[in-house]
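Here is how the chains run, residue by residue.
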Amino acid sequence: QVQLVESGGGSVQAGGSLRLSCAASGSIFSIDTMGWYRQAPGNQREFVAGINSGGGITNYADSVKGRFTISRDDAKNTVYLQMNSLKPGDTAVYYCTGLFRTSTWSPWNNYWGQGTQVTVSS
């Protein structure tokens, strides 16, 4: 099993910044794509940002392009989300996700963290 634990959420005023971290632990053999999603009250969970294995390719939702930056440290099994110029519309629970294998013979499985709350006030 793989556990993902997010941290770094909190409350900030519009225009401020936060940096989310997501540390993976457990029976990790290899990690592929990792990413962040968010879910605001009454809304469906939506994609925010993704990063491929090695970190050379990133992808962002249009709503966060130019403001958010995703990165990863494979030595620490950790993915980050730097969020700048935050807006009230960014208020949501942010979830970390990734594709992991627990052994040479296991399939790739998708795991999710428990989420961290980000609240942006105007």
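Preceding this paragraph is the structure being described.
Residues numbered from 1 in each chain as written. Predicted model: local features only at pLDDT ≥ 70, side-chain atom pairs only at ≥ 80, totals over all residues. Heavy atoms only, no water.

Trainee: What should I look at first to understand unusual backbone geometry in this one?
Mentor: Positive phi, close to 50°, is recorded for Asn77, a residue that is not glycine. Examined against the element boundaries, Asn77 turns out to sit in the loop between β7 (68-73) and β8 (78-83). Phi at Ser85 takes a positive value of approximately 50°, unusual for a residue other than glycine. Considering the arrangement of structural elements, one finds Ser85 in the loop between β8 and β9 (92-101). (Helix = DSSP H or I, 4+ residues; strand = E, 2+ residues; numbered from the N terminus.)

Trainee: Hey, could you run me through the nonpolar core in this one?
Mentor: Membership of the largest hydrophobic core comes to 30 residues, with the highest contact counts inside it found for Leu4, Trp36, Leu81, Met83 and Tyr94. Within the residue set of this core, elements represented by two or more residues are β1 (2-7), β3 (18-26), β4 (30-39), β5 (46-51), β7, β8, β9 and β11 (116-121). Not counting chain neighbours up to four residues away, the residues in contact with Met83 comprise Gly16, Ser17, Leu18, Leu20, Arg67, Phe68, Tyr94 and Val118. (Core = buried A, V, L, I, M, F, W, Y, C linked by side-chain atoms within 4.5 Å. Buried < 20%, exposed > 50% of the residue type's maximum accessible area, 1.4 Å probe, protein only. Contact = heavy atoms within 4.5 Å.)

Trainee: Looking at this structure, I do not really get the state of the cysteines. What am I missing?
Mentor: Two cysteines, two sulfur atoms, one covalent bond between them: this is a disulfide. For the coordinates displayed, the defined rule picks out one disulfide. The disulfide partner of Cys22 is Cys96, and the gap between their sulfur atoms is 2.1 Å. Around the S-S axis, the bridge from Cys22 to Cys96 shows a dihedral of about -80° and counts as left-handed. Here the residue Cys22 occupies a position in strand β3, and Cys96 occupies one in strand β9, the gap between them amounting to 74 residues. Taking the relative accessible area as the measure of exposure, Cys96 reaches 0% and is therefore buried. (Disulfide = S-S within 2.5 Å.)

Trainee: What is the right way to look at the pattern of salt bridges in this model?
Mentor: Pairing of side chains with opposite charge becomes possible as their charged atoms draw close. Taken as a whole and assessed by the stated rule, the structure comprises five salt bridges. A salt bridge links Asp90 to Arg67; the shortest N-O distance between them is 2.7 Å. Residue Asp90 is found in the loop between β8 and β9, and its partner Arg67 is found in the loop between β6 (58-60) and β7; the two are separated by 23 residues along the sequence. The class for Asp90 is buried, based on a relative accessible area of 2%. By relative accessible area, Arg67 is classed as buried at 10%. (Salt bridge = Lys/Arg side-chain N within 4 Å of Asp/Glu carboxyl O.)

Trainee: How should I be thinking about the packing of aromatic side chains in this particular structure?
Mentor: If you walk through the whole model with that rule in mind, you get three aromatic pairs. A centroid spacing of 5.6 Å and a plane angle of 75° characterise the contact between Tyr37 and Phe47, whose relative ring orientation is edge-to-face. Here Phe47 lies in strand β5 and Tyr37 lies in strand β4, a separation of 10 residues in the sequence. A residue is classified by how much of its surface remains accessible, and Phe47, at 29% relative accessible area, is partly exposed. Arranged with centres 5.8 Å apart and planes meeting at 80°, the rings of Phe100 and Tyr111 form a pair that is edge-to-face. Remark: Tyr111 occurs in strand β10 (residues 109-112) and Phe100 occurs in strand β9; sequence separation between them is 11 residues. For the pair formed by Phe100 and Tyr111, the shared burial category is buried. An aromatic cluster is present here, built from Tyr37, Phe47 and Trp112 joined pairwise through their rings. Stacked on the ring of Trp112, the Lys or Arg Arg45 has its end atom at 4.8 Å from the ring centre. (Phe/Tyr/Trp six-rings, centres within 6.5 Å; stacked < 30°, edge-to-face > 60°. Lys NZ or Arg CZ within 6 Å of the ring centre and 35° of its normal.)

Take it as geometry only, folks, not as evidence of what the structure does.
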